[in-house]
Amino acid sequence: MYYQIKSYVKYLRKATNQHGVHSPFIYDLVTQCFYNKKKYLAYETLAKHRKHLLKDMSNIVVTDFGAGSRVFTSNKRNVAAIAKNAGMSKKRQRLLYRLVVYLQPKSALELGTSLGLGTVAMALGNPKITITTVEGCTNTANKAQDGFEEFSISNIELHNETFEDFFGNSRELGCNLVYIDGNHNQERTLSYFESLLPQVQNDSVLIFDDIYWSPQMTEAWNRIKDHKRVTASIDTYQWGLVFFRKEQQKQHFFIRL
């Protein structure tokens with residue numbers, strides 16, 4: 001916890017809003033997407049889906065393939081508690097929705113479905129594309145799938161397998177927008193980044209969750225944003241976003257949300 005507090009204080013000293021941004025692309029992204037105050041109708045569906053999970057008092061046994069949980073001490077977990085304490089926040093869920101609406105990616109990939117809060121946000125952001133999402137834990141994946149069916153969200157393709165198995169199956173991945181939330185491990189995070197690189201395009205964006213989970217995860221983030229193919233990156237503290245636009249001068253931004 002001390003590391004997160006220290007990192008957040010450092011982040012706040014550097015973070016700015018749109019007034020500290022001199023890149024037209026990033027400026028428009030911040031003003032028209034990050035700070036967009038429009039009340040989208042889809043927010044109501046997101047709220048209903050969240051409420052559906054928060055009312056689920058059943059327990060499941062979770063198989064954790066990543067760095068573990070800071071919230072739960074047992075692998076037997078209450079679904080409502082997972083949604084409340086470990087699921088994507090409402091603020092971040094709405095931001096992910098707006099990112100899909102604003103960027104209109106031709107394809108989207110999520111590594112780490114969990115209960116599907118982020119998955120649903122992306123699926124509603126562009127119903128014309130299929131959201132490919134990967135979850136290693138079978139019981140968690142089943143709960144997520146139940147929620148997708150309950151709300152008749154049909155543009156989600158869920159793969160119940162580890163990230164390593166998913167990448168090892170030589171699929172043509174959708175890499176216009178990738179959200180990575182799972183396995184908060186430096187070596188594996190860098191491995192996923194390297195696996196995605198051959199398929200990223202000029203308009204691709206990769207979003208890494210929990211970049212200050214540990215000093216090792218921050219080191220992974222720093223190596224990713226400094227990679228020669230990354231031309232712009234945004235640190236929002238919770239998320240790190242990297243872009244590959246060749247017309248973009250290489251810059252790193254700390255944006256306050």
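### A few points about the overall build of the protein
1) Next: When helices and strands are tallied, the protein shows 10 helices and 10 strands.
2) Next: Computed over C-alpha atoms, the radius of gyration of the protein comes to 17 Å, within 12% of the 18 Å expected from 2.2 N^0.38 for 257 residues, which places it in the range of a compact globule.
3) Next: With the C-alpha coordinates of the protein rotated into their principal frame, the extents come out at 50 × 40 × 40 Å.
4) Next: Counting only residues that meet the buried cut, the protein has 54% of its 257 residues in that class.
5) Next: A fraction of 69% describes how many contacts in the protein between residues 6 or more apart in sequence connect residues 24 or more apart.
6) Next: Element-wise, carbon and sulfur atoms account for 48% of the exposed surface of the protein, whose accessible area totals about 12,500 Å².
7) Next: Averaged over its 33 positive side-chain charges, the protein has a centre that lies 9 Å from the centre of its 24 negative ones.

### Notes on the layout of surface pockets
Left-over empty space is what a probe sized like a water molecule reveals as it rolls over the atoms.
1) Next: Of the volumes computed, that of the second largest pocket is approximately 260 Å³.
2) Next: Lining of the second largest pocket is provided by 14 residues; of these, Phe 34, Asn 36, Lys 37, Lys 91 and Arg 98 occupy positions nearest its centre.
3) Next: When residues in the lining of the second largest pocket are grouped by element, the largest group, six residues, is from helix H5 (residues 90-103).
4) Next: Of the residues belonging to the lining of the second largest pocket, the class tally is five nonpolar, one polar and eight charged.

### With respect to the sheet that holds strand S5 (residues 156-159)
1) Next: The sheet built from eight strands is open, its strands ordered S5-S4-S3-S6-S7-S9-S8-S10 with mixed pairing. The sheet is open, and its two edges are formed by S5 and strand S10 (251-254), each paired on a single side. This sheet shows a mean twist of 15° between the axes of neighbouring strands, independent of strand direction.
2) Next: Sheet topology note: the strand S8 (residues 232-235)/S10 ladder contains four bridges and is parallel. Among the inter-strand pairings, Asp 235 is bridged to a residue of S10, identified as Phe 254.
3) Next: In this fold H5 packs onto strand S6 (177-180), strand S7 (205-209) and strand S9 (239-243), with an angle of close to 10° to the strand it touches most, S9.
4) Next: Helix H10 (residues 215-225) rests against S7, S8, S9 and S10 of the sheet, and its axis sits at about 15° to S9.

### A look at the pairing of S9
1) Next: Of all five residues that make up S9, five are buried, and the element is covered over most of its length.
2) Next: Taking every second residue as pointing to the same face, both faces of S9 are buried, with Trp 239, Leu 241 and Phe 243 on one and Gly 240 and Val 242 on the other.
3) Next: Sheet analysis places S7 next to S9, joined by five bridges and oriented antiparallel. Across the sheet, Asp 209 pairs through a bridge with Trp 239, a residue of S9.
4) Next: As defined by bridge partners, S8 adjoins S9 across four bridges and the pair is classed as antiparallel. In the strand pairing of S9, Ser 233 is matched with Val 242.
5) Next: Here S8 hands over to S9 after three residues, with Tyr 237 in that stretch at a positive phi of 80°.

### Considering a positive patch on the surface
1) Next: Residues Lys 6, Lys 10, Arg 13 and Lys 14 make up a contiguous surface patch of positive charge.
2) Next: On the secondary structure map, Lys 14 appears in helix H1 (residues 2-14).
3) Next: When its relative accessible area of 52% is taken as the criterion, Lys 14 is described as exposed.

### Some details on the pattern of salt bridges
1) Next: Considering all chains together, one arrives at three salt bridges under this definition.
2) Next: Residue Arg 245 pairs with Glu 247 through a salt bridge whose shortest N-O separation is 3.4 Å.

### Focus on the packing of helix H9 (residues 186-196) against H10
1) Next: Where H9 meets H10, the axes come as close as 8 Å, and the angle between the chain directions of the two elements is 25°. The orientation of H9 with respect to H10, classified from their angle, is roughly parallel. At the point where H9 passes H10, the crossing takes the right-handed sense. Taken together, the residues of H10 that come into contact with H9 (itself represented by Gln 186, Thr 189, Leu 190 and Phe 193) are Gln 216, Met 217, Glu 219, Ala 220, Arg 223 and Ile 224.

### With respect to a nonpolar patch on the surface
1) Next: On the surface, Met 1, Ile 5 and Val 9 cluster together into a nonpolar patch covering about 320 Å² of accessible area.
2) Next: The exposure class of Met 1 is exposed, given its relative accessible area of 70%.

Cut-offs and rules
Residues numbered from 1 in each chain as written. Predicted model: local features only at pLDDT ≥ 70, side-chain atom pairs only at ≥ 80, totals over all residues. Heavy atoms only, no water. Helix = DSSP H or I, 4+ residues; strand = E, 2+ residues; numbered from the N terminus. Rg over C-alpha atoms; globule rule 2.2 N^0.38 Å. Buried < 20%, exposed > 50% of the residue type's maximum accessible area, 1.4 Å probe, protein only. Contact = heavy atoms within 4.5 Å. Areas by Shrake-Rupley, 256 points an atom, 1.4 Å probe, with all protein chains shown as cover. Lys, Arg positive; Asp, Glu negative; His and termini not counted. Charge placed at Lys NZ, Arg CZ, Asp CG, Glu CD. 1 Å grid on protein atoms, 1.4 Å probe; cavity = no way out; pocket = protein on both sides within 12 Å on 5 of 7 lines; lining within 4 Å. Points joined across faces, edges and corners; volume = space filled by probe spheres on them. Nonpolar A, V, L, I, M, F, W, Y, C, P; charged D, E, K, R; others polar. Pairing = 2+ DSSP bridges. Axes fitted to C-alpha atoms, helices over the stretch in contact; angles between N-to-C directions. Patch = residues over 30% accessible without salt bridge, like charges linked within 9 Å, V, L, I, M, F, W, Y side chains within 5 Å. Salt bridge = Lys/Arg side-chain N within 4 Å of Asp/Glu carboxyl O. Parallel < 35°, antiparallel > 145°, perpendicular 65-115°, else oblique. Left-handed = near helix turned anticlockwise from the far one by under 90°.

What is shown is where atoms sit, not what they do.
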